[in-house]
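# Remarks on the overall topology
The primary structure of each chain is shown beneath.
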Amino acid sequence: MLPKIKHVRAFTATGGGADYHDQSGDHWIDDHIATPMSRYPEYRQSRRSFGINVLGTLVVEIEAEDGTIGFAVTTGGEPACYIVEKHLARFLEGRDPAETEKIWGQMYFSTQYYGRKGLVVNAISGVDLALWDLLGKLRQEPVYHLLGGAVRDELQFYATGARPDIARDLGFIGGKMPLHHGPAEGLEGLHKNVAMLADMRAKCGDDFWLMYDCWMALDVDYATRLAIACHEYGLKWIEEAISPDDYWGYAALRRNVPRGMLVTTGEHEATRWGFRMLLEMECCDILQPDVGWCGGITELLKISALADAHGKLVIPHGSSVYSYHFVVTRHNSPFAEFLMMHPGPTEVVPMFAPQLLGEPVPVNGRIKASALDAPGFGVSLNPDVPLRRPYTH
């Protein structure tokens, strides 16, 4: 018998880490990047200007009766702390930590009247990930063993950042760039987007993957014109081009893009029901759930199985070790994303720094499965990062 859960605690932290937009100074991730707010000129130059970093990081700790602590980090900050402490904790304390399915269901269905997506599911995700970390530590096994074991010896990565040419030299299989100009910047902005891709194609050669991350900024017409204009430069996929609620728009875009170009989305989708819409309406070719936002590992397993039945790939959005342990166990997740969090970005640095210690990083674009062999998710909290517990229960 495993020791029961004794305590659940929720903390906030600021300054990078899980809330990777919470950066200071000149960072590529806060540059002039197309967003849904780009329609307003005063919020076009910086994503932080419209508050993309206001929530900060959520840290969830789950302590067992024997003193073992599982933890996880995601986004959600103080509002998510309230949800964890005042609502979700009741479904964990006094319970067997192996009851992942029952606990997830009770968290989700108890919050359905005010949740279903967004902040509430972020909070559920953080609790679920901390629970898997605890379970792995109690059983002295890495999470990927609990998920069925590795199906490959190593993970290979594409890099997300402003310098795909440097990513190629660092050994990554592809580079995904932020789109800088949205519909409000007109034809001139469209031409600049195409020119940027053309420049990177010249620098990277014909065989390196190049993709555009559009971060919900476009409409179907603009996204279609962008895809067609970029096709001659070998754009592999166009990502999250329109609002995540516009399933009909995604279905139209997928019909409109040039043959061979992929449409990808799902970063801001949640639960099996949201991804069922994307699959059954034939909205995309690759699903990109974030394990810290879509419902955690427990729900990602269901999303992946649903995608596999539809013949679709699941390439999780960022999320460091929390996705690595999943990806290495799934045939329909043949590669992974690495967010280049160096300000340049010209170096490979840990994705969730400074909050996590022991976080593996790709070497020559790869991480050995054996690098994930420590119990749980194999990372620890950095004691130098101050945590604040705004609520108790």
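So, here's what we can say about the structure. All figures in this text were calculated on a predicted structure; none of them were measured in a lab. (Residues numbered from 1 in each chain as written. Predicted model: local features only at pLDDT ≥ 70, side-chain atom pairs only at ≥ 80, totals over all residues. Heavy atoms only, no water.)

### Here we look at the packing of helix 7 (residues 220–230) against helix 8 (residues 247–256)
Running from N to C, helix 7 and helix 8 cross one another at 25 degrees; their axes reach a closest spacing of 10 Å. Considering their axes alone, helix 7 and helix 8 lie roughly parallel with respect to each other. For the crossing formed where helix 7 meets helix 8, the hand is right-handed. Judged by residue contacts, Val220, Ala223 and Thr224 of helix 7 engage Gly249, Ala252, Leu253 and Asn256 from helix 8. Along the lines of polarity and charge, the residues of the contact of helix 7 with helix 8 split into four nonpolar, three polar and no charged. (Axes fitted to C-alpha atoms, helices over the stretch in contact; angles between N-to-C directions. Helix = DSSP H or I, 4+ residues; strand = E, 2+ residues; numbered from the N terminus. Parallel < 35°, antiparallel > 145°, perpendicular 65-115°, else oblique. Left-handed = near helix turned anticlockwise from the far one by under 90°. Contact = heavy atoms within 4.5 Å. Nonpolar A, V, L, I, M, F, W, Y, C, P; charged D, E, K, R; others polar.)

### Remarks on helix 1 (residues 77–86)
If you check which residues of helix 1 are buried, you get Gly77, Ala80, Cys81, Ile83, Val84 and Glu85. On its buried face, helix 1 sits against strand 1 (5–13), strand 2 (57–64), strand 3 (69–75) and helix 3 (119–139). (Buried < 20%, exposed > 50% of the residue type's maximum accessible area, 1.4 Å probe, protein only.)

### Let's talk about the packing of aromatic side chains
Within this structure, the stated rule accounts for 16 aromatic pairs. Where Tyr158 meets Phe335, the ring centres are 6.2 Å apart and the plane angle is 70 degrees; that geometry is what we call edge-to-face. With Tyr158 in strand 4 (residues 154–160) and Phe335 in the loop between helix 11 (320–327) and strand 11 (336–339), the pair connects residues that are 177 residues apart, well separated along the chain. As far as the burial class goes, Tyr158 and Phe335 line up, both buried. For the ring pair Phe172 and Phe338, a centre distance of 6.0 Å and an interplane angle of 20 degrees mean the geometry is stacked. Of this pair, Phe172 sits in the loop between helix 5 (164–169) and strand 5 (174–178) while Phe338 sits in strand 11, placing them 166 residues apart in sequence. The side chain of Arg47 reaches across the aromatic face of Trp215, ending 5.3 Å from its centre. (Phe/Tyr/Trp six-rings, centres within 6.5 Å; stacked < 30°, edge-to-face > 60°. Lys NZ or Arg CZ within 6 Å of the ring centre and 35° of its normal.)

### Considering the pairing of strand 7 (residues 235–239)
Burial runs high along strand 7: four of the five residues are buried. As paired elements, strand 6 (residues 209–213) and strand 7 share four bridges and run parallel to each other. Opposite Met211, over in strand 7, you have Trp237 as the bridge partner. Each parallel crossover has a hand, and for strand 6 linked through helix 7 to strand 7 it is right-handed. Pairing analysis gives three bridges linking strand 7 to strand 8 (residues 262–265), with the strands arranged parallel. The residue of strand 8 that forms the bridge with Trp237 is Leu262. (Pairing = 2+ DSSP bridges. Right-handed = clockwise from strand over helix to strand, strands pointing away.)

### Let's talk about the sheet that holds strand 3
Strand pairing in a sheet takes place through backbone hydrogen bonds and is either antiparallel or parallel in direction. Read across the open sheet, the three strands follow the order 1-2-3; overall the sheet is antiparallel. Looking along the sheet, the strands with just one partner apiece sit at the ends: strand 1 and strand 3. For this sheet, the mean inter-axis angle between neighbouring strands, taken without regard to orientation, is 15 degrees. Relative to strand 3, strand 2 is paired through seven bridges, and the arrangement is antiparallel. Within the sheet, the bridge partner assigned to Ile62 lies in strand 3 and is Gly70. Along the sheet face, helix 1 touches strand 1, strand 2 and strand 3 and points at about 165 degrees away from the line of strand 1. Each of strand 1, strand 2 and strand 3 touches helix 3; the most contacted strand, strand 3, lies at about 150 degrees to it.

### Some remarks on the pattern of salt bridges
Across all of its chains, the model carries 21 salt bridges by this definition. For the salt bridge of Arg389 with Glu85, the shortest nitrogen-to-oxygen distance reads 2.7 Å. With Arg389 in the segment after strand 14 (380–381) and Glu85 in helix 1, this residue pair connects regions lying 304 residues apart in the sequence. Arg389 gets classed as partly exposed once you look at its relative accessible area, which sits at 31%. The shortest N-O distance in the salt bridge between Lys368 and Glu154 comes to 3.6 Å. Of the two residues, Lys368 is situated in strand 13 (residues 366–368) and Glu154 in strand 4; the sequence distance between them amounts to 214 residues. (Salt bridge = Lys/Arg side-chain N within 4 Å of Asp/Glu carboxyl O.)

Nothing here speaks to function; it is geometry throughout.
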